[in-house]
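For reference, the chains in residue letters:
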Amino acid sequence: MNSELEIGSRRPRRLSEIWKLDRETNMVVALGLNGTVQLNAVGSAIWLLLDGEHTIEYIIEKLAGAYPDQDQGQLRKDLISFISYLSASGLVILDWRPLYGEGSKELLESAP
Amino acid sequence: MTEVLLIQPPSPTPNKLHVKESLLSAPPIALGYLASIMIGEGYSVEIVDMEILEMGAAGIRSRLEEEKPGLVGISTTTLTYRNALRIAAIVKEVNPMTVTLLGGPHATFAADDALSHPQVDFVIRGEGELVLLELARCVLEEKGDPSNIRGLSMRKPDGKVVHNPRRPFLHDLDTLPFPAWHLLPLHLYSAPGLIITGRGCEGSCIFCAARGIAGGRYRMRSVDNVLREIETMISALGLHFFFFADDTFTAVPERTRAFCNELKQRDLHTAWMCETRADTVDRATLQAMADAGCKVVQFGAESGSQKILDSINKGITVAKLREAVRTALEAGLSPTCSFMVPHPEDTWETVEETKALIRELKSMGARTAVSLTTPFPGTYLASHLSDLGMTLISDDTDQYNFATPVIETSNFDVWDIREIYMDMVLLCLEGSEGSGRHDDQKIRDDHINVIGGDKSERSKF
């Protein structure tokens, strides 16, 4: 990956819009490239913010606000690890720019 | 130097990447027709399909710098509309003197909005071939006045938007040259053999804009003209699989049978697929299609509830759909039935009826697919949303991809809709090739080390 600053300005977006939220458990089940994936509650909350509008920095701030007692450095590390995992699983595109289009050569070249 | 550059914008949604392997990609036939008629009049034309070339902003910018076109025409669907605007802005950045033009289904119904953007000079409403030709004469040769071109909308120097009178639909489609396929990288498409044998749709489904775009009467090319195009595509391009993209290929069954009989007689060794309505097929037609090489026929099924089918003005019955699927299978065809959800009056009960029909059709041997109801401009649905008890929850057309909920109904909120849609997608995929990939996985909790994972914590966001 590039610098922390560059990572924070990225706007991750869900690759699949085929997902649902279990309103009893508040957990997301999504259809990924390799099957359905169930996220835990916090992962589900993060998932809802992966709409291509919010930057990673914004999501970190939301997390920090929700968990003020947690070590902020660790929280940032965990979040980036989680989003990277979703990206590697084919569930999320790390930096959505609509004119680049999905699977764009330019987009892939710019991806970490 | 290119005089006219025609651009197919890329889809903005990464959703398509997810299913890219399973989607048919077809070349932009409308741009092929536009290019062909322009070339016939002596203009130098190029087509750039940014989607298939996986081209982004930098790519189109360098292409514009290289080609230096005088006129740039950009095709729009609702999904690609905002990208069309973004591309038009790049055109003007590269050269403010280049004339920009938007056309296609979305621009046809959103000309005022398109022309509220300074980077758009003109909008073609409806069929574009003759409008583009007349505009090119004005722009590139300074012959004529755009104010006199029917089917054209423009912004006057005082900023006022003017819509010239609507242009009548083309009467004799045989007069059109075949699309300029040589301008497109056909080898990149999974379904390059795209043919339209007629334009217009006699249906009046509330969710569809086909009638508004191409008229409520099915205007057909002659059988001979279509067969000549097929023969040309075989000899010039080496294609043998064709996709007839008419809204209702079998709208006139006698003509369909005549076409199939002639195709079979010419012994061209072709295979093909088409889309149609269940109420326009019978045994003789489906058998003639199968005998002539048809492999797949797609029916718009929409719902398994007769009450819902009636409420959306579909004009078919569930019984007729079953009969069409059964007959197609008996003829040796592979039928595919496409459904939509949620319709304005859908309830949990009618959704269950649809699921039951999907199961039934699959057990018969049909394929099924489902997409989300989306209020596209030009549809009754879009212009009567509140009357139909629906609420628009997103006007961001970058999201209008058939898989993102952009409306709620009186019976379903967005979470209901996501649940219904996903369950139906999984139902459609069940038992199909590759469905083993839908085994459940769980994201391990250790991906979020610090934060717990119980339900209460989510409410903190």
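Residues numbered from 1 in each chain as written. Chains lettered and ligands numbered in written order. Predicted model: local features only at pLDDT ≥ 70, side-chain atom pairs only at ≥ 80, totals over all residues. Heavy atoms only, no water.

Draft legend 1. Quick look at the overall build of chain A. Helix and strand counts for chain A stand at five helices and five strands. For chain A, the α and β elements follow one another from N to C terminus as α-β-β-β-β-α-α-α-β-α. Counting only residues that meet the buried cut, chain A has 58% of its 112 residues in that class. Nonlocal contacts in chain A, meaning residues at least 24 apart in sequence, comprise 56% of its contacts between residues at least 6 apart. (Helix = DSSP H or I, 4+ residues; strand = E, 2+ residues; numbered from the N terminus. Buried < 20%, exposed > 50% of the residue type's maximum accessible area, 1.4 Å probe, protein only. Contact = heavy atoms within 4.5 Å.)

Draft legend 2. Seen up close, the sheet that holds strand 11 (residues 241–244) of chain B. All names here are of chain B. Sheet architecture is open: six strands sit in the order 8-11-12-13-14-15, paired in parallel fashion. Two strands in the sheet have a free side with no partner beyond their single neighbour: strand 8 (194–195) and strand 15 (367–372). One ladder, built from two bridges, connects strand 8 with strand 11; its direction is parallel. Bridged to L194 within strand 11 is F243. (Pairing = 2+ DSSP bridges.)

Draft legend 3. Seen up close, unusual backbone geometry. Omega for the bond connecting B:V341 with B:P342 falls within 30 degrees of zero, at -5°, which places this linkage in the cis form. Tracing the chain through its elements places B:P342 in the loop between strand 14 (334–341) and helix 15 (348–364). Although it is not a glycine, A:N26 sits at a positive phi angle of roughly 60°. Secondary-structure assignment places A:N26 in the loop between strand 2 (19–22) and strand 3 (27–32). Using a relative accessible area of 13% as the deciding quantity, one classes A:N26 as buried. At B:E302, a residue that is not glycine, the phi angle is positive and equals roughly 70°. Tracing the backbone through its elements, the reader meets B:E302 in strand 13 (residues 294–302).

Draft legend 4. Molecular detail of the pattern of salt bridges. Residue and element names in this part refer to chain A. Enumeration over the complete set of coordinates arrives at 33 salt bridges over all chains. E57 is the partner of R76 in a salt bridge, and the nearest nitrogen-oxygen pair spans 2.8 Å. Of this pair, R76 sits in helix 4 (residues 72–88) while E57 is found in helix 3 (residues 56–66), placing the two residues 19 residues apart along the sequence. By relative accessible area, R76 is classed as partly exposed at 22%. (Salt bridge = Lys/Arg side-chain N within 4 Å of Asp/Glu carboxyl O.)

Draft legend 5. How the structure looks around the domain arrangement of chain B. Residue and element names in this part refer to chain B. Considered domain by domain, chain B is made up of domain 1 (4–163) and domain 2 (190–430). One C-alpha centre belongs to domain 1, the other to domain 2; they are set 27 Å apart. Listed per partner, the contact involves 21 residues of domain 1 and 23 residues of domain 2. Those elements giving two or more residues to the side of domain 1 that touches domain 2 turn out to be helix 2 (29–40), helix 5 (81–94) and helix 6 (105–109). Its residues assigned to classes, the side of domain 1 that touches domain 2 shows eleven nonpolar, six polar and four charged. (Domains from an automatic or database assignment. Nonpolar A, V, L, I, M, F, W, Y, C, P; charged D, E, K, R; others polar.)

Draft legend 6. Up close: the sheet that holds strand 3 (residues 71–75) of chain B. Residue and element names in this part refer to chain B. Taking strand neighbours across the sheet as the criterion, the seven strands line up as 2-1-3-4-5-6-7 in an open arrangement whose pairing is mixed. Strands with a single pairing partner mark the edges of an open sheet, and in this sheet they are strand 2 (45–49) and strand 7 (161–163). Sheet twist, expressed as the mean angle between neighbouring strand axes with direction ignored, is 20°. With five bridges connecting them, strand 3 and strand 4 (residues 99–103) associate as parallel partners. Pairing of S75 across the sheet is with G103, part of strand 4. The strands touched by helix 5 are strand 1 (4–8), strand 3 and strand 4; relative to strand 4, the strand with the most contacts, the crossing angle is about 170°. (Axes fitted to C-alpha atoms, helices over the stretch in contact; angles between N-to-C directions.)

Draft legend 7. Focus on the packing of helix 14 (residues 318–331) of chain B against helix 15 of chain B. Residue and element names in this part refer to chain B. Taken N-terminus to C-terminus, the directions of helix 14 and helix 15 make an angle of 15°; their axes are 10 Å apart at the nearest point. Classified by the interaxial angle, the pair formed by helix 14 and helix 15 is roughly parallel. Relative to helix 15, helix 14 is oriented so that their crossing is right-handed. Contacts from V318, L321, R322, V325, R326 and L329 in helix 14 reach L357, E360, L361 and M364 in helix 15. Of the residues contributing to the contact of helix 14 with helix 15, the split by class is seven nonpolar, no polar and three charged. (Parallel < 35°, antiparallel > 145°, perpendicular 65-115°, else oblique. Left-handed = near helix turned anticlockwise from the far one by under 90°.)

Draft legend 8. Up close: the nonpolar core. With 108 residues, the main nonpolar core has B:I230, B:F244, B:W272 and B:F299 as its most contacted residues. Examining the composition of this core, we find that eight residues originate from one element, helix 17 (residues 414–429) of chain B, more than from any other. Those residues within four positions of B:F244 in sequence are excluded, and the remaining contacts are B:I195, B:T197, B:V226, B:I230, B:F249, B:F259, B:W272, B:M273, B:C274 and B:E275. A:I7, A:V37, A:W47 and A:I56 belong to the second-largest nonpolar core, a separate cluster that totals 27 residues. (Core = buried A, V, L, I, M, F, W, Y, C linked by side-chain atoms within 4.5 Å.)

Draft legend 9. Representation of helix 2 (residues 41–48) of chain A. With seven of eight residues buried, helix 2 of chain A lies mostly within the body of the structure. Considered for burial, the residues of helix 2 of chain A that qualify are A:A41, A:V42, A:G43, A:S44, A:A45, A:I46 and A:W47.

Draft legend 10. Geometry of the packing of aromatic side chains. Tallying each qualifying case throughout the model produces eleven aromatic pairs over all chains. Geometrically, the ring pair formed by B:F376 and B:Y400 is edge-to-face, given 6.3 Å between the ring centres and 70° between the ring planes. Taken together, the residues span a long stretch of sequence, with B:F376 in the loop between strand 15 and helix 16 (380–383) and B:Y400 in the loop between strand 16 (391–392) and strand 17 (407–408) at a distance of 24 residues. In textbook terms, an aromatic cluster arises when at least three aromatic residues are bridged by ring pairs, as seen for B:F244, B:F249, B:F259 and B:W272. Across the ring face of A:W96, the terminal group of A:R13 is positioned such that the distance to the ring centre comes to 4.5 Å. Over the aromatic face of B:Y33 sits the side chain of B:R199, whose NZ or CZ is 5.2 Å from the ring centroid. (Phe/Tyr/Trp six-rings, centres within 6.5 Å; stacked < 30°, edge-to-face > 60°. Lys NZ or Arg CZ within 6 Å of the ring centre and 35° of its normal.)

Draft legend 11. Looking closely at the environment of B:C260. On the secondary structure map, B:C260 appears in helix 11 (residues 253–266). Look past the residues within four positions of B:C260 in its chain and what remains in contact with it is B:W272, B:A288, B:M289 and B:A292.

Draft legend 12. Representation of the pairing of strand 2 of chain B. Residues and elements named next belong to chain B. Among the five residues in strand 2, four count as buried, and that is most of the element. Bridge count between strand 1 and strand 2: five bridges; the pairing is parallel. Opposite Q8, over in strand 2, you have D49 as the bridge partner.

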